[in-house]
Amino acid sequence: MAEDARIAVSNLYHRHWAGLVRLAVLVTDDRQAAEDVVQEAFMQLYQRWPLRESEAAVGYLRTTVLNRCRSVLRRRRVARLYTPPHAAPGASAESAAVLGEERSQVQAALQSLPARTREVLVLRYYLDLPFEEIAQLLGIRTSSARATASRGLTALTDKLKEVR
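Residues numbered from 1 in each chain as written. Predicted model: local features only at pLDDT ≥ 70, side-chain atom pairs only at ≥ 80, totals over all residues. Heavy atoms only, no water.

For the rest of this paragraph, the subject is helix 2 (residues 31–48). Residues spaced three or four apart along an α-helix point in a common direction, a consequence of the helix completing one turn every 3.6 residues. For helix 2, which comprises 18 residues, the first-to-last C-alpha distance of 26 Å matches the rise-based estimate of 26 Å (1.5 Å per residue) to within 8%. Of all the residues in helix 2, the buried ones are Ala33, Ala34, Val37, Val38, Ala41, Phe42 and Leu45. Where helix 2 begins, the capping side chain belongs to Asp30, and its oxygen is found 3.2 Å from the backbone nitrogen of Gln32. (Helix = DSSP H or I, 4+ residues; strand = E, 2+ residues; numbered from the N terminus. Expected span 1.5 Å × (residues − 1). Buried < 20%, exposed > 50% of the residue type's maximum accessible area, 1.4 Å probe, protein only. Polar contact = N/O pair within 3.5 Å; in protein donor to acceptor, adjacent residues only side chain to side chain.)

This is the structure in structure tokens:
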């Protein structure tokens, strides 16, 4: 049984690791924290294997990644209460060249949105999930997911118009 778990989780890891890391980076805005979050999600999946429904493993991973990202953001917020905020280091010349100006503008505008709005937009437009699944992942109603996405797109559009 341990061998089955190792093989199944390894296959999931190879197929979904990069996408889950990108999801976590968009939510946390920190590559190292995102990789840690995804690694912990896969460890947790391995420990809980087999799930009642093995088809639910990807959904389980997404939910775990989002929950752990929220924990990272909460810890970060608490840490800032006790220490003065510091300016994030500027991007290196290599990363600025790779990211491109438009992508960094969109990412900055996305990071300025509230966490729930950012989560809904990333799940809807990055992972292309239906509103019903977004609502289930976030524990909200489908109509709330739709409304949040609509308001988020409007806010994101306004922020990008300000930049340009």
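Next, the rest of the story.
A word on the environment of Ala33. Within the secondary structure, Ala33 sits in helix 2. When its relative accessible area of 13% is taken as the criterion, Ala33 is described as buried. Remark: the alpha-carbon pair of Ala33 and Arg68, spanning 35 residues in sequence, is separated by 9.7 Å. If we skip the residues at most four places from it in the chain, Ala33 touches Val72 and Arg76. (Contact = heavy atoms within 4.5 Å.)

Right, let's get into the layout of surface pockets. Approximately 200 Å³ is the volume attributed to the second largest pocket. In this structure, the second largest pocket is lined by Arg48, Pro50, Leu51, Arg52, Glu53, Ala56 and Tyr60. (1 Å grid on protein atoms, 1.4 Å probe; cavity = no way out; pocket = protein on both sides within 12 Å on 5 of 7 lines; lining within 4 Å. Points joined across faces, edges and corners; volume = space filled by probe spheres on them.)

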